[in-house]
Amino acid sequence: MRSPHAWGIAVRKPSGEIVTHSETLERPSDQHKWMGWPVVRGVMTLGHAMTLGFRALKFSANAVLEEISANDPKNAAATPGKKMEITGWMATVNIVFSVAFFIFMYKYLPLLATTELKRVNPVFGQQFVFNLVDGLIRIAMFLLFVWGVSLWKDIRRVYEYHGAEHKTVFAFENGDPLETATVQKYTTYHPRCGTSFLMTVMIISMIVYMFIPVSTFWARFAERIILLPVIAGVSYEIIRFAAKHRGSLFALMTAPGLWLQRITTQPPDDREVECAIIALNAAMALEKQHGGE
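Because the structure is a prediction, the values reported are computed rather than measured. (Residues numbered from 1 in each chain as written. Predicted model: local features only at pLDDT ≥ 70, side-chain atom pairs only at ≥ 80, totals over all residues. Heavy atoms only, no water.)

## Focus on the pattern of salt bridges
Step number 1: All chains considered together, the criterion is met by nine salt bridges.
Step number 2: Arg119 is the partner of Glu116 in a salt bridge, and the nearest nitrogen-oxygen pair spans 2.9 Å. In this pair, Glu116 and Arg119 are both assigned in helix α4 (residues 88–120), three residues apart and thus about one turn of the helix distant.
Step number 3: Arg119 sits in the exposed class, given a relative accessible area of 63%.
Step number 4: For Glu223, the salt bridge is made with Arg224, and the minimal N-O distance between the two is 2.7 Å. The pair Glu223 / Arg224 is uniform in exposure class, with both members buried.
Step number 5: Salt bridges sharing common partners tie together Asp134, Arg138, Glu223 and Arg224. (Salt bridge = Lys/Arg side-chain N within 4 Å of Asp/Glu carboxyl O. Helix = DSSP H or I, 4+ residues; strand = E, 2+ residues; numbered from the N terminus. Buried < 20%, exposed > 50% of the residue type's maximum accessible area, 1.4 Å probe, protein only.)

Printed below as a string of structure tokens:
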């Protein structure tokens, strides 16, 4: 959980014990005013969120590995005094692989498939049709991936924690006490969700590409990489506006992201909600200590 100037994480170990970690944060816009400009702030927020996400994953994994290491006599005998953990270089490899996978899966493959369709029928070579089909293939692959991994038991549990996060944030935003029974009353669908952001990026990118007159495969591939930060920043502003103006046209544009949360968020149990509450309380405690509301 993240507040404007702090973040907190709560992890339940296999034994049932909950361990927490929290730190203060400096918002980029507080250090450099230009990082708070519209569109730019979206790119900064995305980069910050990715960094915190990998730090949270590392803490979570290490919390479990520490318990496994402590309860494994063979490991303790083989490496006395040394615990199992995710190292910095492991996290770096993970980031590089994730970015490469994203570019290959959602930039290269849809573009390649649409280019092949253009060879089958010239109508697919028209600027509007080409980018429309390319975007629809990208969205279809994304939806298939999200649904496919949801069939795994472990990923479904991640989606339940995702639902717990949304419920807890809703309760907090409405000023309700952060108690399990109260939090459970709320929906798991939240307009500022990261899933909504990804879907909005795909829709906006499809529209933007239609107005850029490039025709070769590698020129189109390059534009998809170069314009990604700009599209991410614009998508952030649209979601930000739509969250405040639910009846606007932009709110309709973000609606598919809310529909997608029917897959990426699942009803959590009370133990999962408890973790979400503890994480938010940890972040807010630091927020108050440093002058936040």
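Structure shown, so let's carry the discussion forward.
## Some details on the nonpolar core
Step number 1: By size, the foremost hydrophobic cluster in this structure holds 14 residues, and its most contacted members are Met1, Val183 and Val273.
Step number 2: Elements represented by at least two residues in this core include exactly α6 (153–173) and α12 (270–289).
Step number 3: If you tally residues by element for this core, the top one is α12, at six residues.
Step number 4: With residues up to four places along the chain from it excluded, the contact list for Met1 reads Ala6, Trp7, Gly8, Glu165, Thr168, Val169, Ala276, Ala279, Leu280 and Ala283. (Core = buried A, V, L, I, M, F, W, Y, C linked by side-chain atoms within 4.5 Å. Contact = heavy atoms within 4.5 Å.)

## Some remarks on the state of the cysteines
Step number 1: Within this structure, the stated rule accounts for zero disulfides.
Step number 2: Looking at Cys193, it has no disulfide partner, and the nearest cysteine sulfur is the one in Cys275, 19 Å off.
Step number 3: A relative accessible area of 3% means that Cys193 is categorised as buried. (Disulfide = S-S within 2.5 Å.)

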